[in-house]
Amino acid sequence: MGLFILRRLGVMILTALCLTFIVFWLTNLYPNLEKLAKTQGNFRMSDEQVQTYLGNRGYTQSLPVKYGQWLGVLPGYVIEGTDGETRARCEANGAPTEDTATFCGILQGEWGQSTVFKDDVSEIVSTRLGLTGKLMFWVMMVMVPGALIIGVLAGMREGSRTDRSLSTVSIVSTATPEYVSGVILIAVFATPLFGMQYFKGTATSAMDDATFNNFFLPVITIALYGMGYIARMTRASMTEVMTAQYIRTARLKGVSFPNIVIKHALRNALIAPFTVIMLQFPWLLNGVVIVETLFNYKGFGWTLVQAASNNDIELLLGVSVVSVFVVLVTQLISDIGYVFLNPRIRIS
Amino acid sequence: MEELTWTGSMGAILVPLITLTAAVFLTGVVVQLVMGAFAPEVKLQSNPDGTLQGRGGLLGRLENYTGWLFMLLVALIVAFIVIAWFMPYGDAGILGEVSKRFLPTWIALIITFVLSITFKRRLGLYGKLFDSTIGMIGFGLVMFWVFTSIFVGLFDMIGTHDPLQQISGLKNKTPGVVVPEGQDEGFFPHYLLGGDNLARDIFTRMVHGSVIVMVIAPLATIFAFMVGITLGLPAGYYGGRLDTVLSFLANLILAFPVILLFYLLVTPEIVATGLPNFLAAFLFVFPLVFFGVLINSRYKNQAGKNGLLLALVLAPLAVLYFSTISDAGSPLYIWPEALDLFDIPGGILVVFVSVVFVNSPTVFRIVRGLALDIKTRDYVAAAQTRGEGPWYIMLWEILPNARGPLIVDFCLRIGYTTILLGTLGFFGLGLPPESPDWGSTINEGRKLLLIFAHPALPPAIALLSLVLGLNLLADGLREESLKD
Amino acid sequence: MKDTTYDGPILEIDKLSISFFTRLREIPAVMDFSASIMPGEALGIVGESGCGKSTVALGVMQDLGVNGRIVGGSIKFKGQDLNTMTTEELRDIRGSQIAMIYQEPMASLNPAMRIGKQLMEVPMIHEGVSEKEAYERALEVVTDVKLPDPKRMLNSFPHQLSGGQQQRIVIAMALMSKPSLLILDEPTTALDVTVEAAVVELVKDLGKKYGTSMLFISHNLGLVLETCDRICVMYSGEAVERGSIEDVFDEMQHPYTQALFRSIPLPGADKNARPLVAIPGNFPLPHERPQGCNFGPRCDYFEDGLCNEAKPIPMYPVTGNERHETRCLKFQEIDWNAPIDVGPQTEKPEPGRVVLKMDNLKKYYEVAASALFGGGNKKVVKANETLSFEAREAETLAIVGESGCGKSTFAKVLMGLETATDGQILLDNQNIEGTPIEARDTKTVSDVQMVFQNPFDTLNPSMTVGRQIIRALEIFKIGKTDEDRRQRMLELLDLVKLPRAFADRMPRQLSGGQKQRVGIARAFAGDARIVVADEPVSALDVSVQAAVTDLLMEIQREQKTTLLFISHDLSIVRYLSDRVMVMYLGHVVELGTTEQVFAPPYHPYTEALLSAVPIADTSVKKKHIVLDGDIPSAMNPPSGCPFQTRCRWKDKAGKEKCETEVPPVRVLAEGHQVKCHLPDAELANMEPVIEIPATAAE
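Residues numbered from 1 in each chain as written. Chains lettered and ligands numbered in written order. Predicted model: local features only at pLDDT ≥ 70, side-chain atom pairs only at ≥ 80, totals over all residues. Heavy atoms only, no water.

Bringing the pattern of salt bridges into the picture now. Opposite charge on two side chains makes pairing possible when the charged atoms of those side chains draw close. Considering all chains together, one arrives at 49 salt bridges over all chains under this definition. Here E474 of chain C and R471 of chain C are joined by a salt bridge, their closest N and O atoms 3.2 Å apart. Of this pair, E474 of chain C and R471 of chain C are both found in helix α14 (residues 465-475), three residues apart, which corresponds to roughly one turn of the helix. When sorted by exposure, E474 of chain C lands in the same class as R471 of chain C, which is buried. Residues D504 of chain C and R486 of chain C are paired through a salt bridge, measuring 3.9 Å at the closest nitrogen-oxygen approach. Taken as a pair, D504 of chain C in the loop between α15 (482-495) and α16 (512-523) and R486 of chain C in helix α15 lie far apart in primary sequence, 18 residues in all. Salt bridges sharing partners connect three or more residues here, namely R386, E388 and E397 of chain B together with R467, R471 and E474 of chain C. (Salt bridge = Lys/Arg side-chain N within 4 Å of Asp/Glu carboxyl O. Helix = DSSP H or I, 4+ residues; strand = E, 2+ residues; numbered from the N terminus. Buried < 20%, exposed > 50% of the residue type's maximum accessible area, 1.4 Å probe, protein only.)

Below, the structure is given as structure tokens:
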């Protein structure tokens, strides 16, 4: 078991390195840097000026070197610029001093400065992540039990009316992406158009003080899309289990229907949805970005959009690292959970 | 000219009827759900005269009633749609006029359904689809948009105005608004679904949006399947190191948050580097490889036939391929202009490429799983023992027998691609801002959503209905392919 | 709840009809079925797949699924009609008074629940006993089914047990509350022969011990003979004959029963005097049943106007025998003792020169010790250990063994799908052991071909039959044009006696036997000289088995093919092979001519194998040798002699020696060799396992 986790961890770290390298490469492509130089310096820079501007700030080093420095495994640059100033990476492009650290990258906790928010990236990311965490918590609270109940009820008697109605509901909900359900929900429940203005159409106020009134719509918007998917997985898994021979064995042993469902079917049926829930995280992130943009809730997803659309390289890198990390950790949890839930694999 | 109301004169009778039926139907469904969860098992027994005993009691009756109510509801809605065709302009209200505008689509749909249902026993899986209500509804919704996009895209029929035409004074006006005299050279006196924040006709933009979706989504899905199949088959069939490497790469892409990927790929700066062209050059080569290998593995032993077929298939594909990837402005300008059949704008190309890129790994995983399963069959062993090459086995022995799950996934994936396209539009990535595609129009509309809700709703509902249709269709196909 | 005073029949089925309803039509699965079981009695239901025998069992259990309905008749259990019972009443009876065991033991146990809990559940539901008492009971029953270390068993998950152990657990579960009726639906089909023999023995003993009546469903006449008192033969949804075992086996009164017996090889019969007679035609599909007698179109005694008259045929009692009935209009006219009409006899050609020679062939695999957590430690699986034999032209060499004996690995190495670890394979004196199939020339590939086991898997479901054969011709470079190849394909269809129209059919439109014929045609497409037939008939119904077996032998005679016939069924091996090779855990334990192997002296494993095969002949006396335990895993073979863990002769050969040394190959007679430590004297004193009375051999 230990060996298994270790191997998974190894693969995970390799994946994280590859992904961050790709992000790093894409954000450090020359047109992006050029744009950065122009926004930071001045818009009417000539091509040579851009070159020197970037050269002085270490941007023209080779890509692996830059990546190593950013990661914190290579010493940060100290460059004597053409303009006579000496800039050190570890002093945020200030002059190096005695105490200047040699390494300053992600690993050392130096995530850089955001050009949009004029603040430490680590600072921004942690606050925003907290806000998104609050949103996600409620999404999970609504989505997981709802999806499992729908799935189990639908799957326990395949082909029944209950099954048909609930399956249709879950198909409708998976077919409704967040930007559609969000728009419809806001139009119906937050504008006077249909006379049902029960909720607030923005969640900005929920950042400090989340209430049912201002938080319900964003939560339900994200939850709906994922809910249908998990419910369908649960249903599929449940119907498969319910037709298994051992369920027939139980039935012919005289076990009553509720007991068959609870004692015999449920545990076997929940193995698959568990992994699905965990693997939903990359998609939930999608929903978070859309919903936070739509409801103007300034969380992690909103930050991602701001960073990306304003070419805020350091912030975008920080956000990417965190999201890749979250995705990989959930995958790890899903793998381990699968093994734990399934005695066939656990004890072999 | 007066402003149009929603339902016009026939609304007075039909709307309360429909609302009432729908309400009763929904209550019935909910009650039945609650009762069904606690109901005892059905005892299987026939009556003495040989007829089957239905489920008795309240629940049984309820099930019957809700069935009839559903029928009634459908009938009423159909009536609403059909009656509108025969009413003079304006009397049928906005909904009636919208229904009239879709008349070519309705006719095409009716013809398709009548023909399909008549010959359903001879049409294989497609025919079986018409045995399932869910499948039929899904198919209807999908075909509705398919026909609409054909009539709009090829014959310019359904739309009422020009999708880019702005008429002053109609900015953000509510549905049914009258177009001021003399402002419009056209023929249509109303903005059926109102005007957007640039004073364009929302209805026209919505139907024009379907063309873009209907072109990009299926095409991108086909390419994703080509890539996924070409890589997934060997990964599953050979296993070992090849599988480890390819699966790792696939997981790498899957672990990438989609939005982030889009933001990184679909920006003007990235387009300027030519990266999308290189990616396109890589991804679009897969169909060539696929068809080349497909033919070669089968006719390897008959050299003449093989060469002829290869030339016939690969030559046009190669021309298309180079026309697609080579572009005058981009770094990949390798194809003489004379042979360049078309140019795809950088924005569209990058959208297309990213969607293919994001979808391929999932297809890869499905194909790999299917290949792993099917390669253990005896007919694969039989092919091996007569000395068939690995590619023949993969493409002619394994792939055809994996078609069921792949067809189902294909439908789902078109829906999913539509959602992705919408997401791109929603963030204003890739497609030009004036593009009438649904994602972009939702994005336009949502900015003023709290003040003017009507511009965002039609494209949202259109997208919802198409994706829903595809999902229902996939579900119907899956269910029917499992039966018998 | 249990009614002890009741003394009528335990189960009384009267004119039961069951149908399944699909979208298109009603499909009758069982029609007019009657049977009764007295206390302590065991009734066997025999029939081919699709005859409705399992549906009867599920009907008794009232568990027919969503589409199944009982459309007529009654099922009385201890006098109460099961059809009219409420769900609650049924639940009380299920598991406590009627218990059921079915085919797949692994699938019948909940994978995520400990075995103890699954067993204890039964008395806890039905008798409301405490957990402790239930545990005691479980322990007792698990001991009764002769499982080692019962406490550990109860604490295990199903996947930790072997197939045989799982089936014992399923039996234990059925016996937990001492039911009055036990329904067994093909309980041993998924098990190996020697394991099957042990399980059957157990069921018989426990049936007596607990005084349980049994309904035993099987396709195997021999098995029913060994376990049951009475038998009911079913054909296409109807019972065609029922009576006591002796009456039906010795004085059969229905043409189908007779045809069934004639199509299975019996050890007492000589293959020339009593060849297998296949039943002509095909089993009718449920919605294509003929008018009148269902068996009519395939019956030798068919009489137009009588047998196909559109009126139901009742069961007629057979005078002179008690409770013996038959559903035949002509049973009194037919001369049941008339000799079989034997067709023209063809002499089998003498085996010619040696075409294939194996010399010390070894195949080892390296596998990771655990698939999931695997890492450094690899294990070597010795799938084949020093395999040596020769095969001659026009000879049939049977390779016999149970699962894990290495016969499939051997086939793979021969075909070139794997390469040998050591030793050599000589095909016409050319070494091919190290040449993978891609590197073999077309001639070699087309010379060595294979017929596969599972007919439903052997053809590509999405290609027409003709196309698949033509593809084989293309790859073997036979025929210059497409037209040539099409012609040749049609000839091949003629060769396997399929109508030419089948060329354009899809495999799903063919029956199992027909598919197997296409598989044979495909194997012979390149005029194969060596054909490996991997259990080619074991998945087919008995009536079809005979036809396919005969076809294989006929083609062999014509083409002088060398046939390597892999099988676990000793009856059929005896019937068709010239020489037999018995394998156990990768070793060849015995090799000799058919006569030598089937007569003493035996290798102890061959002896046990012979005894385990059920024989459908009341006159044959068989020694009962029941092996302990299951076949050891090839991953973890025992030390010394591979068979020592289950050998009953171990004491006589010197225990020490068996446990430490791999026995040498000993030649007992010309061409007869065994791998055993037993001294010559003991071998010479072995008694024959099967005794055939002189009258039967005639």
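Read on, since the account is not over.
Once that is clear, we can look at the interface of chain B and chain A. Every contact between the two is made by 53 residues of chain B and, on the other side, 64 residues of chain A. Three residues, L260, E269 and L450 of chain B, lead the burial of chain B against chain A; their summed loss comes to 11% of the area buried on that side. Connecting chain B to chain A are two salt bridges. Here R232 of chain A ties to D475 of chain B by a salt bridge, and the two come within 3.2 Å at their closest N and O atoms. For the interface between chain B and chain A, the tally reads three residue pairs in polar contact (both at pLDDT 80 or more). At the level of elements, α1 (11-38), α2 (57-85), α8 (240-255), α9 (258-265), α10 (268-273), α17 (403-426), α18 (438-446) and α19 (457-482) of chain B are the ones that each hand at least two residues to the side of chain B that touches chain A. No other element matches α19 of chain B, which puts twelve residues into the side of chain B that touches chain A. Partitioned by chemical class, the residues of the side of chain B that touches chain A number 36 nonpolar, ten polar and seven charged. (Contact = heavy atoms within 4.5 Å. Buried area = accessible area lost by both parts, 1.4 Å probe. Polar contact = N/O pair within 3.5 Å; in protein donor to acceptor, adjacent residues only side chain to side chain. Nonpolar A, V, L, I, M, F, W, Y, C, P; charged D, E, K, R; others polar.)

Another aspect to go through is the nonpolar core. By size, the foremost hydrophobic cluster in this structure holds 185 residues, and its most contacted members are F102, F203, F284 and F427 of chain B. When sequence neighbours within four positions are dropped, the list of residues in contact with F427 of chain B reads V289, I290, T293 and V305 of chain A together with I259, Y263 and N443 of chain B. V465, L490, Y605 and C676 of chain C belong to the second largest nonpolar core, which has 81 residues in total. (Core = buried A, V, L, I, M, F, W, Y, C linked by side-chain atoms within 4.5 Å.)

A separate point is the packing of aromatic side chains. Ring pairs (aromatic) are described by centroid distance and by the angle formed between their planes. All names here are of chain B. On inspection of all chains with the given rule, the structure shows 46 aromatic pairs over all chains. Measuring from ring centre to ring centre gives 5.7 Å for Y65 and W68, while their planes differ by 50 degrees; the resulting arrangement is tilted. Placement of the pair is Y65 and W68 together in helix α2, with a separation of three residues, close to one helical turn. One aromatic cluster in this structure is built from F102, W106, F144, W145, F203 and W438. Its guanidinium or amino end placed over the ring of W396, R298 lies 4.5 Å from that ring's centre, counting from NZ or CZ. (Phe/Tyr/Trp six-rings, centres within 6.5 Å; stacked < 30°, edge-to-face > 60°. Lys NZ or Arg CZ within 6 Å of the ring centre and 35° of its normal.)

Turning to the state of the cysteines, a few remarks are in order. What the rule picks out here adds up to one disulfide over all chains. Between C328 of chain C, a free cysteine, and C299 of chain C, which holds the nearest cysteine sulfur, the sulfur-to-sulfur gap is 6.3 Å. (Disulfide = S-S within 2.5 Å.)

Attention shifts here to the interface of chain C and chain A. Of the residues lining the interface, 29 residues belong to chain C; the matching set on chain A comes to 26 residues. Regarding the contact of chain C and chain A, the summed buried area is about 2700 Å², with carbon and sulfur atoms giving 60% of it. Linking chain C to chain A there are three salt bridges. A salt bridge links R251 of chain A to D63 of chain C; its shortest N-O distance comes to 2.7 Å. The interface formed by chain C and chain A contains 13 residue pairs in polar contact (both at pLDDT 80 or more). Contributions of two or more residues to the side of chain C that touches chain A are made by α1 (53-61), β6 (98-101), α3 (105-108) and α4 (115-126) of chain C. With five residues, α4 of chain C is the single largest residue contributor to the side of chain C that touches chain A.

All names here are of chain C. Overall, mixed pairing links the eight strands, which are arranged β6-β7-β8-β3-β9-β10-β12-β11 in an open sheet. What marks the edges here is a single partner per strand, and that holds for β6 and β11 (316-317). Two strands pair when backbone bridges link them, and strand β9 (residues 230-235) and strand β10 (residues 238-244) are joined in this way by six bridges, in the antiparallel orientation. Within the sheet, the bridge partner assigned to C232 lies in β10 and is R242. (Pairing = 2+ DSSP bridges.)

All names here are of chain C. Segmenting chain C into domains produces domain 1 (39-52 + 87-228), domain 2 (234-336), domain 3 (353-577) and domain 4 (582-691). Centre-to-centre separation of domain 2 and domain 4, based on C-alpha positions: 39 Å. On the domain 4 side, the residues contacting the seven residues of domain 2 number four residues. Counting the surface lost from both domain 2 and domain 4, the interface buries some 480 Å², and carbon and sulfur atoms represent 75% of this. Ranking the residues of domain 2 by area buried against domain 4 places F249, L266 and P267 at the top, with a combined share of 65%. The tally of links between domain 2 and domain 4 comes to zero salt bridges. Linking domain 2 to domain 4 there are zero residue pairs in polar contact (both at pLDDT 80 or more). Looking at which element gives the most residues to the side of domain 2 that touches domain 4, the answer is helix α10 (residues 245-250), with three residues. Within the side of domain 2 that touches domain 4, the residues separate by chemical class into six nonpolar, no polar and one charged. (Domains from an automatic or database assignment.)

Let's shift gears to unusual backbone geometry. Unusually for a residue other than glycine, A199 of chain B sits at a positive phi of about 65 degrees. Turning to its location among the elements, A199 of chain B is positioned in the loop between β2 (190-191) and α7 (202-238). Here A199 of chain B falls in the buried class, since its relative accessible area comes to 6%. Positive phi outside glycine occurs at D32 of chain C, with the angle close to 50 degrees. Mapped onto the elements of the fold, D32 of chain C is located in strand β2 (residues 26-37). Since its relative accessible area comes to 27%, D32 of chain C is described here as partly exposed.

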